[in-house]
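# Structural overview for review
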Amino acid sequence: MSDTAVSADPDFDEDSEGEDLGVGPDSGPNSDPGSSSQAAAGAPQLLTVPPGTRADRLDKVLAGLMPEHSRSRLQGWIEAGKVLVNGGPAKVRQVVGPDDELTVWTQPAPETRAFAPEPVDFEVVDASPDWIVVNKPAGLVTHPGAGNWSGTLLNGLLHRYPELAQVARAGIVHRLDKDTSGLMVVARNETAQTHLVRQLQARSMGREYIALAHGWLGAAGRVDRPIGRDARVPVRMSVERPVAPKPAVTHYFPSRRGEVDPGGRVCEVVCRLETGRTHQIRVHMASLGHPLLADVLYGGKTVAGAGRQMLHARALHFEDPGGRGEVRFSAAVPADMAQVQENIVWNA
């Protein structure tokens, strides 16, 4: 890898445990793809269904009159009450025809809200003038993307720290899956961001996870298998004939063994990342035949009360860009994961 900041990953999906994010000229809060979309709703647009138009469903007729908008988006406006027919409430399947009067309040595309400040709940473990260490809760998406254009950690960071609007990706340099909890570092200025990105590239930033997996791992080991998109299931990543694979290295250390009924054997595993790829630990553990509990995407089962993949980023260390030397942080597993641990009968 280059020792300079790199451009953003084009496959930025909604949940990407451990993934390292570079920074580039198009990765700032004001560079979202919807920023040039139509403005927020103001005066309505008045349309008359032309003579000769065949009577049809409202959404179909409206799509013909407003071809610049997708039919699914128009359906959303109708369902949200942003379209009237002859001055009255409208329904998607309502039939309209010639001379019907349509009133439409055009709405901004959802992606235009991607970089808007929003109050979002998350814990700040520590902060300096150069960085913020966050303990991300499970269920919170790190960065806006398809299907999650608002309510993300990025939106919350911009709300709590408005100055991050001047930093690419609001200072985010690596991310966690939506359903993975734990520690992340956010840069507060471009100099610090570049410094932290270089540490990720040099593999000198330390990230340690605790996972609960099916089966019993025998001994500590290392998985060195490139990860890319699964050719058959686009939402999955894979080490088996992956599309556009990237190097991926995970070190794992089984810490204890146990059993759960039903569910059979389970183990607690400490994982340390050398690289940060989408779903890296989840994919590598599944490749060993030990998928994470409740990680149904990769073959895990919902046992011991687990309601999400059992993965938590518990430790983080890096060199302080401000010159304080190495700084270290830790975060205990959240309550839901602690309860699953309690539900397992551990071997003495």
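Residues numbered from 1 in each chain as written. Predicted model: local features only at pLDDT ≥ 70, side-chain atom pairs only at ≥ 80, totals over all residues. Heavy atoms only, no water.

### Some thoughts on the overall build of the chain
Where we set the bar: A helix here means a DSSP run of H or I that spans at least four residues, while a strand means a run of E at least two residues long, and both kinds are numbered starting from the N terminus. To sort residues, take the accessible area from a 1.4 Å probe on protein chains only and compare it with the maximum for the residue type: under 20% means buried, over 50% means exposed, and anything in between is partly exposed. Contact between two residues is taken to exist if any of their heavy atoms lie within 4.5 Å; hydrogens are not considered. Computed by Shrake-Rupley with a 1.4 Å probe, the accessible areas treat only the displayed protein chains as cover when residues are assessed.
What the chain contains, in helices and strands, is six helices and 21 strands. Here the chain, with 348 residues, has 49% of them falling under the buried criterion. In the chain, the share of contacts with a sequence separation of at least 24, taken over all contacts with a separation of at least 6, comes to 67%. Summed over all atoms, the accessible surface of the chain reaches about 15700 Å², with 50% contributed by carbon and sulfur.

### A closer look at the confidence of the model for the chain
Let me state the cut-off plainly: Summary of the metric used: pLDDT quantifies the predictor's per-residue confidence within the range 0 to 100.
Per-residue confidence for the chain averages 89 on the pLDDT scale, and 87% of its residues sit at or above 70. This stretch, residues 1-15, has a pLDDT under 50; its non-local contacts, to residues over four places away or in other chains, come to 43 contacts. Taken as a whole, residues 23-41 scores under 50 in pLDDT and shows 45 contacts with residues more than four places along the chain or in a different chain.

### Considerations on the side chain of Asp 130
Stated formally: Counting rule for charge: Lys and Arg are taken as positive, Asp and Glu as negative, and neither His nor the chain ends is counted. Salt bridges, as used here, are contacts in which a Lys or Arg side-chain nitrogen is within 4 Å of a carboxyl oxygen on Asp or Glu.
Checked against the element boundaries, Asp 130 lands in the loop between strand 8 (123-127) and strand 9 (131-136). One buried charged side chain, Asp 130, makes no salt bridge at all; its nearest oppositely charged neighbour is Arg 324, positioned 7.7 Å away.

### Observations regarding helix 1 (residues 58-65)
Put simply, the test is: To be clear, the arc concerns the directions from the helix axis to the C-beta atoms.
Buried within helix 1 are the following residues: Leu 58, Asp 59, Val 61 and Leu 62. Seen along its axis, helix 1 keeps its buried residues to an arc of 160 degrees; they face one direction. Of the surrounding secondary structure, the elements contacted by the buried residues of helix 1 are strand 2 (45-48), strand 3 (56-57), helix 2 (71-79), strand 4 (83-85), strand 6 (95-96) and strand 7 (101-104).

### Overview of the pattern of salt bridges
In the structure shown here, the tally under the stated rule is 18 salt bridges. Arg 54 is paired through a salt bridge with Asp 56; the nearest N and O atoms lie 3.1 Å apart. Across the salt bridge formed by Glu 240 and Arg 225, the nearest N and O atoms sit 3.1 Å from each other. Of the two residues, Glu 240 sits in the loop between strand 15 (237-238) and strand 16 (243-246) while Arg 225 sits in the loop between strand 13 (221-224) and strand 14 (227-229), which places them 15 residues apart along the sequence. A relative accessible area of 46% places Glu 240 in the partly exposed class. It is possible to trace a salt-bridge network through shared partners that takes in Arg 203, Arg 222, Asp 224 and Glu 274.

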